[in-house]
Amino acid sequence: MDDRPILRSLGITLEAWRALMGRLTAADLALATPNPGWDVADVIGHSIAVTRKFAAFAAGATDRPRTPEQGLSGDDHRAAFDDAAAEALAAWRGADPRRQCHLPFGTFPAELAAGINLFDLLAHGWDIRQATGAAFDCPDEVWSAGLDAARRTVGEHRSPEHYAPALPVEPDASAETRFLRYLGRRAVHVW
C-alpha cells in the first residue's frame, strides 16, 4: 500500500478483515458482539462506513469526512467489505500526507486519520472474533501501530458504545493485549 508504517499497517488490517469476512457465514451475522446492542452485521456495517469515511478523506473528496449511513446493504458481507477495502487502498495510495482531517473530536494529520481507521478496524475485528470464534490475526507491529494511533486520539471523552475506560495491563503483555486493554476490551467469548 505505502512505505509509511501506518499505511502498511492499515493495508495489512484490511487484508485481515477480508480473510475474516471469508470465514463468516450468514448465520454469524446475527450473533451478539461485545458492543452493547450490536450484532456482527452491525459491526461490519459500522466498519465499512468508517472505512469509506476515511477513504473519502484520503481521496481528497473532503477534509471533513462524515460517516455515511451504516448497515450492510444487501446480503453479501464479503463483497460489501471487499468494495470498501478496495476503495480505501486506492485512496490511501494517492493521499496527500500534508492534508488535515477535521473530525468532530479534533483535527488530525492525514497519517493519523489512517491510524483512526486502523484502530477502529482492529477493535471491531477483535469484536467479531469474540462473537464468532473466527480467526482475526494481525502481526504485533500492526497492533502496536493501532495502539499508538489510539493513544494519540482516544482521550477521556471516549464513545462508550465503542471504547470503555482503559484497563490495567501486565508489563509483559502482548501488543494485541496492550491495544485491547487500552480500549477497554475484555475477552468475553459470547459464542
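The structure under discussion appears in the preceding block.
What you see is a predicted model, and the numbers here were worked out from it, not measured in a lab.

Turning to helix H5 (residues 140–153), a few remarks are in order. Here H5 is 14 residues long and its end C-alpha atoms lie 20 Å apart, about the 20 Å a rise of 1.5 Å per residue gives. Residues of H5 that are buried: Val 142, Trp 143, Ala 145, Gly 146, Leu 147, Ala 149, Ala 150 and Thr 153. Contacts made by the buried residues of H5 are with helix H1 (5–23), strand E2 (106–109), helix H4 (110–132) and helix H6 (175–182).

Another aspect to go through is the pattern of salt bridges. Enumeration over the complete set of coordinates arrives at eight salt bridges. Notably, a salt bridge pairs Arg 185 with Asp 127, separated by 2.8 Å at the nearest N-O pair. Linking Arg 185 in the segment after H6 with Asp 127 in helix H4, this pair joins segments that are 58 residues apart in sequence. Assigned by exposure class, Arg 185 and Asp 127 land together as buried. Of the charged contacts in the structure, one is a salt bridge between Arg 129 and Glu 176, with a shortest N-O distance of 2.4 Å. Of this pair, Arg 129 sits in helix H4 while Glu 176 is found in helix H6, placing the two residues 47 residues apart along the sequence. Through salt bridges with shared partners, a single ionic network connects Glu 15, Arg 18 and Asp 82.

We now examine the environment of Asp 140. Here Asp 140 lies in helix H5. Overall, the relative accessible area of 51% leaves Asp 140 in the exposed class. The spatial distance from the C-alpha of Asp 140 to the C-alpha of Thr 177 is 10.0 Å, given a sequence separation of 37 residues.

With that out of the way, let us pick up the packing of aromatic side chains. Counted according to the given criterion, the structure contains five aromatic pairs. Here the aromatic rings of Phe 57 and Trp 92 are separated by 6.2 Å at their centres, their planes lie at 55°, and the arrangement is tilted. Here Phe 57, found in helix H2 (residues 40–58), pairs with Trp 92, found in helix H3 (residues 77–93); they are 35 residues apart in sequence, far enough to count as distant. Look at Phe 57 and you get buried, because its relative accessible area is 1%. Residue classification places Trp 92 among the buried positions, given a relative accessible area of 1%. The interplanar angle of 90° and the centroid separation of 6.2 Å between the aromatic rings of Phe 136 and Trp 143 together place this pair among those described as edge-to-face. Neither residue differs from the other here; Phe 136 and Trp 143 are each classed as buried. Among the aromatic residues, ring-to-ring pairing joins Phe 136, Trp 143 and Phe 179 into one connected group. In this structure, Arg 99 is placed above the aromatic ring of Phe 57, and the distance from its NZ or CZ to the ring centre is 4.1 Å.

Conventions and cut-offs
- Residue positions are given per chain, counting from 1 as you read along its sequence in written order.
- Given that this is a predicted model, residues contribute local features only at a pLDDT of at least 70 and side-chain atom pairs are listed and counted only at 80 or more, while totals for whole chains, interfaces and linings are drawn from all residues.
- The basis for every side-chain value is the complete set of heavy atoms in the structure, and neither hydrogens nor water enter the calculation.
- By definition, any uninterrupted DSSP run of H or I lasting at least four residues is a helix, any uninterrupted run of E lasting at least two residues is a strand, and each is numbered from the N terminus.
- Helices are assigned an expected span. That span is 1.5 Å times one less than the residue count.
- Between buried and exposed lies partly exposed: a residue is buried under 20% and exposed over 50% of the maximum accessible area for its type, with that area taken using a 1.4 Å probe on protein chains only.
- The contact definition used throughout considers only heavy atoms, calling two residues in contact when any of these lie within 4.5 Å.
- Any Lys or Arg side-chain nitrogen located within 4 Å of an Asp or Glu carboxyl oxygen qualifies as a salt bridge.
- Each Phe, Tyr or Trp ring (for Trp, its six-membered ring) is paired with any other whose centre lies within 6.5 Å, and the angle between the two planes then decides the class: stacked below 30 degrees, edge-to-face above 60, tilted in between.
- Distance and angle both matter: a charge sits over a ring if NZ of Lys or CZ of Arg is within 6 Å of the ring centre and within 35 degrees of the ring normal.

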